[in-house]
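What follows is each chain in one-letter form.
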Amino acid sequence: MTESDYAHSTQGDGLCPRCAEGTLKAFYELSEEEREVVKRLPASADYLLDARTKRRRWCTRCWHEEDSAPPRLA
């Protein structure tokens, strides 16, 4: 996973909906220690890491995990 896999950085692109203080970050924006935490979060039991790293963002303050897929317009 490299930065070129993403169109742009989402860092600072809104506040966490759970704690309202942290920002949501893509996997490539996380430090090595933060990536290890992500690998151990409860969602790791339901989804493969590869799928999570492509479509999800995390708050490093409260570890809320959110699907970052763009909304689909009808």
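A.B. asks: Kindly report on the pairing of strand β2 (residues 56-59), identifying the contributing residues and their values.
C.D. replies: Of the two faces of β2, the one holding Arg 56 and Trp 58 and the one holding Arg 57 and Cys 59 are both buried throughout. The pairing of strand β1 (residues 24-26) with β2 spans 3 bridges and is classified as antiparallel. If you follow Ala 26 over to β2, its bridge partner there is Arg 57. Relative to strand β3 (residues 65-67), β2 runs antiparallel, the two sharing 3 bridges. Residue pairing for β3: Arg 57 is matched across the bridge by Glu 66. Linkage of β2 to β3, two consecutive antiparallel strands, is achieved through a turn of 5 residues, within which Trp 63 is found at a positive phi near 65°.

Criteria and thresholds
- Residues numbered from 1 in each chain as written.
- Predicted model: local features only at pLDDT ≥ 70, side-chain atom pairs only at ≥ 80, totals over all residues.
- Heavy atoms only, no water.
- Buried < 20%, exposed > 50% of the residue type's maximum accessible area, 1.4 Å probe, protein only.
- Helix = DSSP H or I, 4+ residues; strand = E, 2+ residues; numbered from the N terminus.
- Pairing = 2+ DSSP bridges.

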